[in-house]
Amino acid sequence: MLRALSRKGTASRPWAWGLELLLLNDGSLPQNRPAADLPASLPTLTLRADEQQQQHASFNPWQGLLGSAASARQRPASLPSLSGIRAIVTAGTAADCASVAKSSGRQDKGPDSSTDTSTDTSTGAPSSSSAAQLCPLHACLLHHGITDLAAFSAPRHLALSQEAVSSNVEPKLAALAAEGLSPKQIVQLVRVRTTSSLLSCSYQDTFQPNLQLLRQIRAYIDHRPHPKNPHLTAAGNLLANSPAAAAMYLSRDPSKVQQLLRWLEGSLGVGLQRLAGCKDLCNALALSADAASAVCLSLREHQVSAERVAHMLVRQPTLFGYRPAVMSARLGALQQHLGLDAAAALKVAIAHPNLLAIIMGSKLPPLLRFLDGYMGEVGAGRRLLRAQPVLAALSAAAAERSIGSLAARGYSQRRIQAVVSKHPIILALDLDSPLQQQKLMWMERVSPWTLDDYLASPSYITAATRRLSARLALLREFRLQLPSSPGTIAVLSNVNFMAVVRQQLARQGQELPWASWAQWEDAWLGTEEGREWGFPPLKE
């Protein structure tokens, strides 16, 4: 029974992703195939390389390094460390890497049977016979389970020296893994091209202080580890969900970040705790203080208060990277296409700052035409958008997709028209998205109410699955009478919902063993039902 549950802490520990480069005791190279298939030992490859050097002037420098390392070392008593691997397999200079890149790009006139430099096309990882040519960066990536080496084979990657990899790349990959990012998520982050590459920026002077600030800000939110990835931290979740913005922020000059923070605090009263509520935090921290100040000044000239400017920045930080002239032009487009006066357009923009992040001139006309056509009424699109201005951020394709998802579930055009006319915000609902698919599955398997019941009000269908499921579970825990509609579990605040539950229990002579909603929710999230429905689907 849930009544006996108490809040449990989740111990978080960093975990490493595993693809170890192992040098075998018989002196052979690391292989991707079974040990029985190993073609040659390291000394054997060295002899072949010496023979080839006499026949070809294009002897690969990495083979020489490996030969020297093989002849000098003894049989290891135990598996070597990463530093040992680097010393043996990748102890080359930047010039050596550049030489490898140059020679690998050259087409030989004749076949070379002594050295196979092919790669595994399915993973991008080098084949076993090309392990001798691993440069320091590739060895480091493989150690962290990253096998897509093709994405990191440009000359700038191959030219990274052992010292650069050890001091800048290795600690970054280790830090990202400690935040719970998978090798795939790390690749998405580090391969982003920014003004200052995430791989090449200084770990100690740039990456580390920026990551530490991100952790400090995210500490203000209530982070519950996802049961399918319990090691993903609050900062790690942010990095995984917005890799492009995260790469731009993590490689930014920390002094510019501090300049921005001082401006936010001094001009808008926005401190770290309020910034924690920004869903686009990395883009916010990547803003230029000068650019943000210019946009702020432009809005203040339109009589927008500092508090409302702060609200707009936290909701849509990318707006504050635009030039004021661009903001004014988009505000004018919003006014024109929705048929609003200047004051009304500004009011809409303040309430929905994301509307100024889109190019209205190219996006709104197709949307309005589609809605007019589907609703069978000229001017229907403008009417719907004026009732729900946030819909102006939709594309015509997105609106069509939302209508199609309802049609696929048996709703006729006339029924959809009636729903959209009454609740235009339904157009912003994509029932085929992973988040809504989870909610629909919960409705089919757990909820006593149907999709029709939830479509009766936008606040019902847009409520989070966690809220709906946890509240229904509490009512069923005490066998309380269920309401006729999902309104009680979808709309009421936590305090009011708990008051309703206590009133019903009092009539039955019972008491609620949890002092607050938070205590109940924590207990419920620890159950099998809570783990299934209390967390959003993980982004791949």
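Residues numbered from 1 in each chain as written. Predicted model: local features only at pLDDT ≥ 70, side-chain atom pairs only at ≥ 80, totals over all residues. Heavy atoms only, no water.

Asks: Looking at this model, I keep getting lost on the layout of surface pockets. Mind explaining?
Replies: Rolled over the atoms, a probe with the dimensions of a water molecule shows which regions are left empty. When its volume is computed, the largest pocket comes out at roughly 1,300 Å³. Residue lining of the largest pocket: 30 residues in total, with N237, N241, K279, L435 and P536 positioned closest to the centre. With four residues, helix α10 (residues 234-241) is the largest single contributor of residues to the lining of the largest pocket. Taken together, the residues of the lining of the largest pocket sort by class into 13 nonpolar, ten polar and seven charged. Its volume calculated, the second largest pocket comes out at about 650 Å³. Broken down by secondary-structure element, the contributors of at least two residues to the lining of the second largest pocket are α23 (434-445), α25 (458-461), α26 (465-477) and α29 (517-525). For the lining of the second largest pocket, the residue count by class is 13 nonpolar, seven polar and six charged. (1 Å grid on protein atoms, 1.4 Å probe; cavity = no way out; pocket = protein on both sides within 12 Å on 5 of 7 lines; lining within 4 Å. Points joined across faces, edges and corners; volume = space filled by probe spheres on them. Helix = DSSP H or I, 4+ residues; strand = E, 2+ residues; numbered from the N terminus. Nonpolar A, V, L, I, M, F, W, Y, C, P; charged D, E, K, R; others polar.)

Asks: Could you clarify how one ought to interpret the nonpolar core in this entry?
Replies: Note on soluble globular proteins: their nonpolar side chains tend to be buried together. Counting 144 residues, the largest nonpolar core has F320 and L474 as its most contacted members. Broken down by element, the residue count for this core peaks at eight residues, all from helix α19 (residues 360-375). Beyond its immediate sequence surroundings of up to four residues, L474 is in contact with F497, M498, V501, L512, W514, W517 and W520. (Core = buried A, V, L, I, M, F, W, Y, C linked by side-chain atoms within 4.5 Å. Buried < 20%, exposed > 50% of the residue type's maximum accessible area, 1.4 Å probe, protein only. Contact = heavy atoms within 4.5 Å.)

Asks: It is not clear to me how the side chain of Q436 should be interpreted in this structure. Could you clarify?
Replies: For Q436, the position within the fold is in helix α23. Residue class for Q436 comes out buried when judged on its relative accessible area of 11%. Beyond its immediate chain neighbours, meaning those up to four positions away, Q436 contacts L429, D430, L431 and I461.

Asks: What is the right way to read the state of the cysteines from this model?
Replies: Covalent bonding between the sulfur atoms of two cysteines defines a disulfide. Taken as a whole and assessed by the stated rule, the structure comprises zero disulfides. Of all cysteine sulfurs in the structure, the one in C278 sits closest to C282, which takes part in no disulfide; the separation is 9.2 Å. A relative accessible area of 1% places C282 in the buried class. (Disulfide = S-S within 2.5 Å.)

Asks: Even after reading the chapter, I still don't get α10, so can you show me in this structure?
Replies: Residues separated by three or four positions in an α-helix point in the same direction, a consequence of the helix having 3.6 residues per turn. Of all the eight residues making up α10, six are buried; the element is thus mostly covered by neighbouring parts of the structure. Of the positions making up α10, those classed as buried are A234, A235, G236, L238, L239 and A240.

Asks: What am I meant to see in the packing of α19 against helix α21 (residues 396-407) here?
Replies: To characterise two packed helices, one gives the angle between the axes of the helices and the distance between these axes. In contact at an axis separation of 8 Å, α19 and α21 are set at 30° when each is read in the N-to-C sense. Judged by the angle between their axes, α19 and α21 are roughly parallel. Judged by residue contacts, P366, L367, F370 and Y374 of α19 engage A396, A399, E400 and I403 from α21. Taken together, the residues that form the contact of α19 with α21 break down as seven nonpolar, no polar and one charged. (Axes fitted to C-alpha atoms, helices over the stretch in contact; angles between N-to-C directions. Parallel < 35°, antiparallel > 145°, perpendicular 65-115°, else oblique.)

Asks: What's the story with the confidence of the model for the protein in this structure? I'm lost.
Replies: Low-pLDDT portions of the prediction should not be read for the details of their coordinates. Mean pLDDT over the protein: 80, with 75% of residues reaching 70 or higher. With pLDDT under 50 throughout, residues 3-124 is counted as low confidence; its partners more than four residues away or in other chains account for 166 contacts. (pLDDT = per-residue confidence, 0-100.)

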